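# Understanding the architecture of this molecule
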Amino acid sequence: MTDGGGLHILLGMSGAELVSLAKSLGMPSYAGRQIADRLYRQRTTTIDAMTELSKEARRRLGEQCLTGIMPYAERECSADGTVKYLFPTYAGGAVETVFIPDGERATLCVSCQTGCKMNCSFCRTGKQGFSGNLTAGDILNQIYALPETERLTNIVFMGQGEPMDNLDNVLKATELLQASYGLGMSPKRITISTCGIRNKLKRFIEESNCPLAISLHSARPDIRRRLMPAEAGMPITEIVALLRTYDWSHQRRLTFEYTMFRGVNDSAEDIGAIVRLLRGLDCRVNLIRFHEFEGCDFRCSDERTIETFAERLNGKGIQTTVRRSRGEDIKAACGLLATKGFS
């Protein structure tokens, strides 16, 4: 990838690509490995700081390349410790990223697109519209330029955008996060959330070992279609049928995300539909409180209804948990990310 001035962006290049780049600039192969180490292991932000390279090598590299690590533009802190960042992209846009500390666990919610095409009726990101895909470098910059990078234990692709709609760059970013010359993260620590896109979902399952989170929100096709236009493109019954052809063990977790809407998807009928859909599949359901925002008519189910919903699903053999809301006061909770709303 290049920036607006034609300079190559190093962040997002694989080790092999960096070796190839070094050789094209007249450097030995090991210089590419040194660049990878500086970039991904040490998070070096400038080429001048890559002092393992000769002065002449740094000059050549600096004439054609940028590291691609850019600092955040804005930052907001929640009363519960959650931090929301606004990161620029080299295409000229910006995306929101959410850091969620929780004891010894620290999760980063990253974005993969500016805006989103899915237009889910309950999501502020969908209301923002779609501006473009992030490059692998733009995705990684949310991690490598994060002040809390050293604290991260988990990364979730649950921010702005649909990962299956930018699959090449998402796969490359997750591969680089696992690389031995980088953060060396276990794939079990990187979760990808998706509405489900025909052909892309199958490819992801077969090319990645990362856990998968499916946006369910209703097991009744008519209700899901009302909530998620993506239901028309790849129905939830088709998604589950595909998932049943693969082995989902504790080494690779499968989760269904279910946002609770009062009077829409929180009845006994909805419980029965979930049980019929998921019975026998090695998975869990994660109930999410709906976070209301201006311009959206949905309301969150009350706490007792959510608790009862979880209890009944668990009683019927569907492992179910309730996600704790974080960062709602700074519009960083599930479904609230929208760059234009950054205050």
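The paragraphs below set out a description of the structure included in this document.

Criteria and thresholds
Residues numbered from 1 in each chain as written. Predicted model: local features only at pLDDT ≥ 70, side-chain atom pairs only at ≥ 80, totals over all residues. Heavy atoms only, no water. Helix = DSSP H or I, 4+ residues; strand = E, 2+ residues; numbered from the N terminus. Rg over C-alpha atoms; globule rule 2.2 N^0.38 Å. Buried < 20%, exposed > 50% of the residue type's maximum accessible area, 1.4 Å probe, protein only. Contact = heavy atoms within 4.5 Å. Areas by Shrake-Rupley, 256 points an atom, 1.4 Å probe, with all protein chains shown as cover. Lys, Arg positive; Asp, Glu negative; His and termini not counted. Charge placed at Lys NZ, Arg CZ, Asp CG, Glu CD. Expected span 1.5 Å × (residues − 1). Polar contact = N/O pair within 3.5 Å; in protein donor to acceptor, adjacent residues only side chain to side chain. Pairing = 2+ DSSP bridges. Phe/Tyr/Trp six-rings, centres within 6.5 Å; stacked < 30°, edge-to-face > 60°. Lys NZ or Arg CZ within 6 Å of the ring centre and 35° of its normal. Core = buried A, V, L, I, M, F, W, Y, C linked by side-chain atoms within 4.5 Å. Patch = residues over 30% accessible without salt bridge, like charges linked within 9 Å, V, L, I, M, F, W, Y side chains within 5 Å. Salt bridge = Lys/Arg side-chain N within 4 Å of Asp/Glu carboxyl O.

The helix and strand tally for the protein chain stands at 12 helices and 14 strands. Over its C-alpha atoms the protein chain spans a radius of gyration of 21 Å, differing by no more than 12% from the 20 Å that the globule rule assigns to 343 residues. With respect to the principal axes defined by its C-alpha atoms, the protein chain has extents near 70 × 45 × 35 Å. Evaluated residue by residue, the protein chain yields a buried proportion of 56% over its 343 residues. Sequence separation of at least 24 residues holds for 66% of the intrachain contacts in the protein chain that already meet a minimum separation of 6. Of the roughly 14700 Å² of accessible surface on the protein chain, 46% is carried by carbon and sulfur atoms. Of the side-chain charges in the protein chain, 44 are positive and 40 negative, and the distance between the mean point of each set is 3 Å.

To continue, consider helix α12 (residues 303–315). The periodicity of an α-helix, 3.6 residues per turn, causes residues three or four places apart in sequence to face the same way. Taking 1.5 Å of rise per residue, 13 residues should cover 18 Å, and α12 covers 18 Å from first to last C-alpha, within 8% of that figure. Taken together, the buried positions of α12 are occupied by Ile-306, Thr-308, Phe-309, Ala-310 and Leu-313. Against β12 (254–260), α11 (268–278), β13 (284–289) and β14 (320–322) lie the buried residues of α12. At the N-terminal boundary of α12, the capping side chain belongs to Asp-302, with an oxygen 3.1 Å from the backbone nitrogen of Arg-304. Two residues or fewer after α12 comes Gly-317, characterised by a positive phi angle close to 90°.

To continue, consider the pairing of β12. In terms of burial, β12 is a largely internal element, seven of the seven residues being buried. The two faces of β12 match: Leu-254, Phe-256, Tyr-258 and Met-260 on one face and Thr-255, Glu-257 and Thr-259 on the other face are all buried. In this structure, strand β11 (residues 212–215) lies alongside β12, joined through four bridges in parallel fashion. By the bridge assignment, Ser-215 is partnered in β12 with Glu-257. As paired strands, β12 and β13 are joined by six bridges and run parallel to one another.

Here we take up the packing of aromatic side chains. The description of an aromatic ring pair rests on the distance of the ring centres and on the angle between the ring planes. Under the defined criterion, the tally for this structure stands at 11 aromatic pairs. Measuring from centroid to centroid gives 5.8 Å for Tyr-40 and Tyr-181, while their planes differ by 50°, and the two rings are tilted. In this pair, Tyr-40 sits in helix α2 (residues 29–41) while Tyr-181 sits in the loop between α6 (167–178) and β10 (190–194), placing the two residues 141 residues apart along the sequence. Owing to a relative accessible area of 0%, Tyr-40 belongs among the buried residues under this scheme. These aromatic residues form a ring-pair network of at least three members: Phe-122, Phe-261, Phe-290, Phe-293 and Phe-298. Positioned above the aromatic ring of Phe-130 is the side chain of Lys-117, whose terminal nitrogen or guanidinium carbon lies 4.8 Å from the ring centre.

Let's shift gears to the nonpolar core. As a rule of thumb, soluble globular proteins bury nonpolar side chains together. In terms of nonpolar packing, the biggest core is built from 102 residues, with Leu-10, Leu-61, Phe-256 and Leu-278 touching the most fellow members. Each residue touching Phe-256, except ones within four places of it in the same chain, is listed here: Ile-214, Leu-216, Val-240, Leu-243, Leu-278, Leu-281, Cys-283, Arg-284, Val-285 and Asn-286. Val-98, Cys-109, Ala-332 and Leu-337 belong to the second largest nonpolar core, which has six residues in total.

This part covers the side chain of Gln-160. Structurally, the position occupied by Gln-160 is in the loop between β9 (154–157) and α6. Not counting residues up to four positions away in its chain, the partners in contact with Gln-160 are Val-95, Glu-96, Ser-111, Cys-112, Gln-113, Gly-115, Thr-125, Gln-128, Leu-337, Ala-338 and Thr-339.

Time to look at α6. Taking 1.5 Å as the rise per residue, α6 with 12 residues should run 16 Å; its terminal C-alpha atoms sit 17 Å apart, in good agreement. The set of residues buried in α6 consists of Leu-167, Val-170, Leu-171, Ala-173, Thr-174, Leu-176 and Leu-177. Those residues of α6 that are buried are in contact with α2, α5 (136–144), β9, β10 and α7 (200–207).

Let us now look at a positive patch on the surface. Together, Arg-105, Lys-188, Arg-189 and Arg-253 make up a positively charged patch on the protein surface. On the secondary structure map, Arg-253 appears in the loop between α10 (236–243) and β12.

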